[in-house]
Amino acid sequence: MFRTSLTPTLSGNPIDLKDNILLTGSCFSVNLGNKLKAHKLSAAINPLGISYNPVSIFQQLQAAIESKPIPNEHIVPLYDQYAHLDYHSSFKEESPEDLKNLLEKQQSTAASLLANSKWLFLTLGTAWVYRFNATDNIVNNCHKLPAAQFGKACLSVNEITKAFSALLAALHNSNEHINIVLTVSPVRHLKEGFVENQRSKAILHVFAQEMAALHAKVSYYPSYEIMIDDLRDYRFYEPDMLHPNEVAIQYIWEHFQQTYFRDHSRSILQQWEKVQRSLQHKAFQPNAAAHYSFQQKLLLKLQQLAEYLPLSEEIAILENAIKNRKP
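Please read these numbers as outputs of a predicted model, since none were measured by experiment.

Novice: What's the story with the overall build of the protein chain in this structure? I'm lost.
Specialist: Counting secondary structure elements, the protein chain contains ten helices and ten strands. On the principal axes, the C-alpha backbone points of the protein chain span a range of 70 × 55 × 40 Å. Excluding contacts between residues fewer than 6 apart, the proportion of contacts in the protein chain whose partners are at least 24 apart in sequence is 68%. Approximately 16,500 Å² of the protein chain is accessible, and the part contributed by carbon and sulfur atoms is 52%. If the 31 positive side-chain charges of the protein chain are averaged to one point and the 31 negative ones to another, these points end up 8 Å apart.

Dropping the structure here:
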């Protein structure tokens, strides 16, 4: 076959189509989350912004659950606005007070999602972290401030485990039934160096495997291994040669489906994909009898799938199009 492949096996705890799912961490969580949302599942993506190192990810979520105050000392000027070292640069406001209000709102949203989700997917990007010299605390984002203000270090498995244990304790009080899936981002962080990236990913793997072996509600999904060992060819990468392209993302998504969805659920998702393509169809003669018949059949299919997926918006749009058809 001239390649190695990771054969998917169905998880002993599959995802139900009506489960609430929260994905957070590196940009790979966005790739997976967008696939889930496109297939009409209840998926929320990075309510606290993209994060790459596990300590920042875990501390963000813990702070949200426990409604911890936003640290004033990590608010920094960013051009003509303000940003926070513990959060992504997409969160910016014109005053420190407005920024704190925004982050508190995002914390509240994240806390609600954590309390009501059946699944929490945590995608870890790198074990390399930066400490803000003024507070000696690990930060999520340096916001391109002078390098002299930060110290750089590589986390140990013990340091990551300590932060994860604190998160698990907080989650136990918020939602003890939540399932946690750890995954290591397949995106290589080569700005740290080739050897340093491999060392970092190895630390994340050891941590993930130890936690999956220790906690019944924690498991591991091999997105990294699929990309690096199965799809080990640059044709599966974006032009930057670091990020997976759409072909690779689709391949991982298909593997993910076979891992986490039962046969019936996968059948529903596949039927939705076909219906979705039909909804995007542009008719040459929108008022023709043949197109009217096509719309009627499509509406019936939508109504059948609506038993499993939230399709009320699509049904309403198609019903309106049929109602306003010109004979």
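Novice: Can you walk me through the sheet that holds strand β7 (residues 137–139) in this structure?
Specialist: Backbone hydrogen bonds are what pair the strands of a sheet, in a parallel or an antiparallel way. Taken in spatial order, the three strands of this open sheet run β7-β6-β8, and their pairing is antiparallel. Edge strands, defined here as strands with exactly one partner in the open sheet, are β7 and β8 (150–154). Taken pair by pair, the neighbouring strands of this sheet meet at an average axis angle of 45°, ignoring direction. Where strand β6 (residues 128–132) lies against β7, three bridges are found, and the strand directions are antiparallel. Residue pairing for β7: Phe132 is matched across the bridge by Asn137.

Novice: What am I meant to see in the pattern of salt bridges here?
Specialist: Side chains bearing opposite charge may pair, as long as their charged atoms lie close to each other. Applying the stated criterion across every chain yields a total of eight salt bridges. Its salt-bridge partner being Lys118, residue Asp19 comes within 3.9 Å of it at the nearest N-O pair. With Asp19 in the segment before β1 (20–25) and Lys118 in the loop between α3 (96–116) and β5 (119–124), this pair connects stretches of sequence that are 99 residues apart. Overall, Asp19 belongs to the buried group, its relative accessible area being 11%. Glu192 is paired through a salt bridge with Lys152; the nearest N and O atoms lie 2.6 Å apart. One end of the pair, Glu192, is in the loop between β9 (179–184) and α5 (194–214); the other, Lys152, is in strand β8, with 40 residues separating them in the sequence.

Novice: It is not clear to me how empty space enclosed by the protein should be interpreted in this structure. Could you clarify?
Specialist: Vacant regions in the atomic arrangement are exposed by a probe of water-molecule size rolled over the atoms. This structure, assessed with the given rule, holds one cavity of 30 Å³ or more. Reported here for the largest cavity is a volume of approximately 40 Å³. Lining the largest cavity are Phe28, Asn31, Leu32, Ile249, Ile252 and Trp253. Listed by contribution, the elements that provide at least two residues to the lining of the largest cavity are α1 (27–38) and α7 (246–260).

Novice: Help me understand the sheet that holds strand β2 (residues 42–45), please; the structure alone is not making it clear to me.
Specialist: On the basis of which strands lie adjacent, the open sheet formed by five strands has the order β2-β1-β5-β9-β10 and parallel pairing. Of all the strands in the sheet, the pair left with one neighbour each is β2 and β10 (218–220). If you compare each strand with its neighbour and ignore which way they point, the axes differ by 20° on average. Pairing of β5 with β9, which is carried by six bridges, proceeds in the parallel orientation. Paired with Leu120 across the strands is Ile180, a residue of β9.

Novice: Whenever I open this one, the nonpolar core confuses me. Can you help?
Specialist: Here is a general trend for soluble globular proteins: nonpolar side chains tend to be buried in one another's company. One finds Phe58, Leu120, Leu122, Phe164, Ile180, Leu182 and Phe207 to be the most contacted residues of the largest nonpolar core, which totals 46 residues. Only α2 (54–65), α3, β5, β6, α4 (157–174), β9, α5 and β10 provide two or more residues apiece to this core. Looking at which element gives the most residues to this core, the answer is α4, with eight residues.

Novice: Would you take a moment to explain α7 for this structure?
Specialist: Owing to its 3.6 residues per turn, the α-helix brings residues three or four apart onto one side. Taking 1.5 Å of rise per residue, the 15 residues of α7 would be expected to cover 21 Å, and the 20 Å separating its terminal C-alpha atoms lies within 8% of that figure. Restricting attention to buried positions, one finds in α7 the residues Ala248, Ile249, Ile252, Trp253, His255, Phe256, Gln257, Thr259 and Tyr260. The elements touched by buried residues of α7 are α1, β5, β9, β10, α6 (223–230) and α8 (263–279). The backbone nitrogen of Val247 lies 3.2 Å from a side-chain oxygen of the residue at the head of α7, namely Asn245.

Rules behind the numbers
- Residues numbered from 1 in each chain as written.
- Predicted model: local features only at pLDDT ≥ 70, side-chain atom pairs only at ≥ 80, totals over all residues.
- Heavy atoms only, no water.
- Helix = DSSP H or I, 4+ residues; strand = E, 2+ residues; numbered from the N terminus.
- Contact = heavy atoms within 4.5 Å.
- Areas by Shrake-Rupley, 256 points an atom, 1.4 Å probe, with all protein chains shown as cover.
- Lys, Arg positive; Asp, Glu negative; His and termini not counted.
- Charge placed at Lys NZ, Arg CZ, Asp CG, Glu CD.
- Pairing = 2+ DSSP bridges.
- Axes fitted to C-alpha atoms, helices over the stretch in contact; angles between N-to-C directions.
- Salt bridge = Lys/Arg side-chain N within 4 Å of Asp/Glu carboxyl O.
- Buried < 20%, exposed > 50% of the residue type's maximum accessible area, 1.4 Å probe, protein only.
- 1 Å grid on protein atoms, 1.4 Å probe; cavity = no way out; pocket = protein on both sides within 12 Å on 5 of 7 lines; lining within 4 Å.
- Points joined across faces, edges and corners; volume = space filled by probe spheres on them.
- Core = buried A, V, L, I, M, F, W, Y, C linked by side-chain atoms within 4.5 Å.
- Expected span 1.5 Å × (residues − 1).
- Polar contact = N/O pair within 3.5 Å; in protein donor to acceptor, adjacent residues only side chain to side chain.

Without other data, these values stay purely geometric and don't point to any function.
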